[in-house]
Amino acid sequence: MQEVIMTTEKYYQHDVDCHELNGRIEAIQNDGKSTRIIMDRTVFFPTGGGQPCDTGTIVTPDGTSVSVVDVQEDKESGIISHTIEIDPSETDALQVGMTVTQKLNEDRRRVNTQRHTGEHILTGAFIQLFGGANKGFHMGGEYVTIDMDYDGKKLTEEQVRAAEKLANEVIWANLPVTVSTFPNREEASVMPTRKPVTQDGEITIVTIGDLASPHDCVACCGTHFHRTGEVGLIRIHKFEPNKGMNRIYFECGDRALESMQSDDTLLRSVQERFSAGSHDLLQKMDIRDEKEAELRQDCTGLRQYYRDREMARITSLLHRDTPDFYQDSFTLVSPDDLLKLGFAIMEDEAAPALMALVHRPSHTVLLFSDGSRNCGALVKEHAKSLGGRGGGRPDQARALMPNEDAVEKFIESLKE
Ligand SMILES: [Zn+2]
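How each quantity is defined
Residues numbered from 1 in each chain as written. Predicted model: local features only at pLDDT ≥ 70, side-chain atom pairs only at ≥ 80, totals over all residues. Heavy atoms only, no water. Domains from an automatic or database assignment. Phe/Tyr/Trp six-rings, centres within 6.5 Å; stacked < 30°, edge-to-face > 60°. Helix = DSSP H or I, 4+ residues; strand = E, 2+ residues; numbered from the N terminus. Buried < 20%, exposed > 50% of the residue type's maximum accessible area, 1.4 Å probe, protein only. Lys NZ or Arg CZ within 6 Å of the ring centre and 35° of its normal. Pairing = 2+ DSSP bridges. Axes fitted to C-alpha atoms, helices over the stretch in contact; angles between N-to-C directions. Patch = residues over 30% accessible without salt bridge, like charges linked within 9 Å, V, L, I, M, F, W, Y side chains within 5 Å. Areas by Shrake-Rupley, 256 points an atom, 1.4 Å probe, with all protein chains shown as cover. Salt bridge = Lys/Arg side-chain N within 4 Å of Asp/Glu carboxyl O. Lys, Arg positive; Asp, Glu negative; His and termini not counted. Charge placed at Lys NZ, Arg CZ, Asp CG, Glu CD. Contact = heavy atoms within 4.5 Å. Donors = N, O, S within 2.8 Å, 3.2 Å for Na, K, Ca; no water. Expected span 1.5 Å × (residues − 1). Arc of directions from axis to C-beta. Core = buried A, V, L, I, M, F, W, Y, C linked by side-chain atoms within 4.5 Å.

The next point concerns the domain arrangement of the protein. The extent of an interface is frequently quoted as the accessible surface area lost upon association of the parts. Taken domain by domain, the protein consists of domain 1 (9-104), domain 2 (109-273) and domain 3 (290-415). Here the C-alpha centre of domain 3 lies 63 Å away from the C-alpha centre of domain 2.

Right, let's talk about the packing of aromatic side chains for a bit. Scanning the model with the defined rule gives three aromatic pairs in all. Ring centres of Tyr 143 and Tyr 249 lie 5.6 Å apart, and the angle between their planes is 80°; on these two criteria the pair is classed as edge-to-face. In this pair, Tyr 143 is assigned in the loop between β9 (133-139) and β10 (144-149) and Tyr 249 in strand β15 (residues 245-252), connecting sequence segments 106 residues apart. Judged by relative accessible area, Tyr 143 falls into the partly exposed class, the value being 28%. With 5.5 Å between their ring centres and 85° between their planes, Phe 343 and Phe 368 make a pair best called edge-to-face. You can see Phe 343 sitting in helix α7 (residues 335-346) and its partner Phe 368 sitting in strand β18 (residues 364-369), a full 25 residues away along the chain. Residue Phe 343 is classed as partly exposed on the basis of its relative accessible area, which comes to 33%. Stacked on the ring of Tyr 11, the Lys or Arg Arg 41 has its end atom at 5.2 Å from the ring centre. Lying over the aromatic face of Phe 274, Arg 288 brings its terminal NZ or CZ to 4.3 Å of the ring centre.

A few words now on the pairing of strand β14 (residues 234-242). Note that β14 and β15 share eight bridges and pair antiparallel. Each residue of the ladder has a partner; that of Glu 240, found in β15, is Arg 247. Hairpin connection of β14 to β15: two residues between the antiparallel strands, including Lys 243 at a positive phi of 50°.

This part takes up the sheet that holds strand β3 (residues 35-39). Strand order in the closed barrel formed by six strands is β2-β3-β7-β6-β5-β8, with antiparallel pairing between adjacent strands. Taking each pair of neighbouring strands and ignoring which way they run, the sheet shows an average axis angle of 45°. Here five bridges tie strand β2 (residues 20-30) to strand β8 (residues 99-104), and the two strands are oriented antiparallel to one another. Bridging across to β8, Gly 23 finds its partner in Val 100.

This part takes up a negative patch on the surface. A cluster of like negative charges, contributed by Asp 286, Asp 289, Glu 290, Glu 294 and Asp 298, occupies part of the molecular surface. Checked against the element boundaries, Asp 298 lands in helix α6 (residues 281-320).

We now examine the environment of Leu 400. Residue placement: Leu 400 occurs in strand β20 (residues 396-400). Placed 377 residues apart in sequence, Leu 400 and Gly 23 show a C-alpha to C-alpha distance of 68 Å. Here Leu 400 is in contact with His 363, Thr 364, Gly 388 and Arg 389, once residues within four sequence places are set aside.

This part is about the coordination of the zinc ion. Each protein donor to the zinc ion is listed here as His 116 (NE2), His 120 (NE2), Cys 220 (SG) and His 224 (NE2); together their distances run 1.9 to 2.1 Å. Mapping the donors of the zinc ion onto the primary sequence yields the spacing H-x3-H-x99-C-x3-H. A relative accessible area of 5% means that His 224 is categorised as buried.

A word on the pattern of salt bridges. A complete count under the given rule lists 29 salt bridges for this structure. Between Glu 73 and Lys 75 there is a salt bridge, and its shortest N-O distance comes to 3.3 Å. For Glu 73, a relative accessible area of 16% translates into the label buried. The residue Lys 165 makes a salt bridge to Glu 169 at a minimum N-O spacing of 3.0 Å. Highlighted residues: Lys 165 and Glu 169, both in helix α3 (residues 157-172), separated by four residues, approximately one helical turn.

By the element assignment, Gly 56 lies in strand β5 (residues 56-59). Taking the C-alpha atoms as reference points, Gly 56 and Asp 70, 14 residues apart in sequence, are found 9.2 Å from one another. Those residues in contact with Gly 56 that lie beyond four places of it in its chain are Phe 44, Val 66, Ser 67, Val 68, Lys 103, Leu 104 and Asn 105.

The next point concerns the sheet that holds strand β17 (residues 354-359). Ordered in space as β16-β17-β18-β20-β19, the five strands form an open sheet in which the pairing is mixed. With partners counted over all chains shown, the strands left at the sheet margins are β16 (325-330) and β19 (389-392), one partner each. Strand-to-strand twist of the sheet, defined as the mean angle between neighbouring strand axes without regard to direction, takes the value 15°. Judged from the six bridges that link them, β17 and β18 form a sheet pairing that is antiparallel. By the bridge assignment for β18, His 359 is matched with Thr 364.

Next up on the list: α7. The terminal C-alpha atoms of α7 lie 16 Å apart, and with 12 residues this matches the ideal 16 Å at 1.5 Å per residue to within 8%. Those residues of α7 not exposed but buried are Pro 335, Asp 337, Leu 338, Leu 341, Gly 342, Ile 345 and Met 346. Burial along α7 is one-sided: seen end-on, the buried residues are contained in an arc of 165°. Contact partners of the buried residues in α7: α6, β16, β17, β18 and β20.

Let us look at the nonpolar core. Counting 29 residues, the largest nonpolar core has Ile 121, Leu 122, Phe 126, Ile 146, Ile 234, Ile 248 and Phe 250 as its most contacted members. Broken down by secondary-structure element, the contributors of at least two residues to this core are α2 (106-130), β9, β10, α3, β12 (203-208), β14 and β15. The greatest single-element share of this core, amounting to six residues, is contributed by α3. Among residues more than four places away in sequence, those in contact with Phe 250 are Arg 115, Gly 118, Glu 119, Leu 122, Tyr 143, Val 144, Thr 145, Ile 146, Ile 234, Arg 235, Ile 236 and His 237. In this structure, Ile 25, Ile 37, Cys 53 and Val 100 belong to the second largest nonpolar core, which totals 21 residues.

Here is the structure:
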């Protein structure tokens, strides 16, 4: 016989302060990957409207406790399913018809409610000050975001800071947050909502502040505090253009305080590193940037000077006696400098048939040829068997050897 499951009673809608509730198990579903429980009523808010679900535990009469890790609502049937983490040996502990105790993860609920109620307050602040519309809301792991639409116009820093200030003033005013339920859309239309109600069936309208001239009023299914003061704090981290709108990143309550504390710690360590305070940190960073640019310029000049000197030394040696094979070692400059030096030498009329320039610190051997030897093939043939890596073209190749000994053996093999 097929189970007939009734719509789940959404207890969190009637009593948002309830953190522990009894519920009767109506069904236990298992698809081989996860186990889901359906109960007659639930204290757990399911993922929806931009707000992540509650988590927590379900405790059986004999004291077995299982974790609720995900809660989802089937919008058509109104049935809410709770995904649980359960050891296969313990599945018998749960039975259809059993009354269990549902316990919320209270910290998670509080943070979600701070963020969610905060979103109403901040959106209301933007709309009151500058009009526009909220076209998106997302609660992420790192930030909460809203997308404010101003017909393609970008918000300025001053505007965003003004909205942040007004939002915090609304928190400090400790305004009431009223949740009103209407049987249908028509009856809900008496409310001064900031956007038209489009949902069917029972409608929940959330109003911040005075019902006659609210700070914010919108249809919403999330969890809310009774007064704005409980949000504690709203902090905007950044804002940026996004798909023709303005994406505002912010945090509320506990998370806002945590982010301020960690940013403060970071700022202090940067200030210590620059021996600066808030007033002169940027100035001291500018000075360091300038010094770094000067050093980089000096370094480029010195490298060029060194290459020129080495070019003169090596070509004078080669002019005296042009060998078939020439090798040299370097420690001061980078392999890239040696590459430039090698190509310059091979342009000279006294260039050898084959040349190996070794960068000692990295055990890198750069090979150059006048065309009579194939550098890439030599690396393949001799370097790999010695544990080296690399390759290249017939006129130039690079071998990265594992150690000094392998470098010596590779060079010896080139003389054969
Ligand atoms: Zn809401």
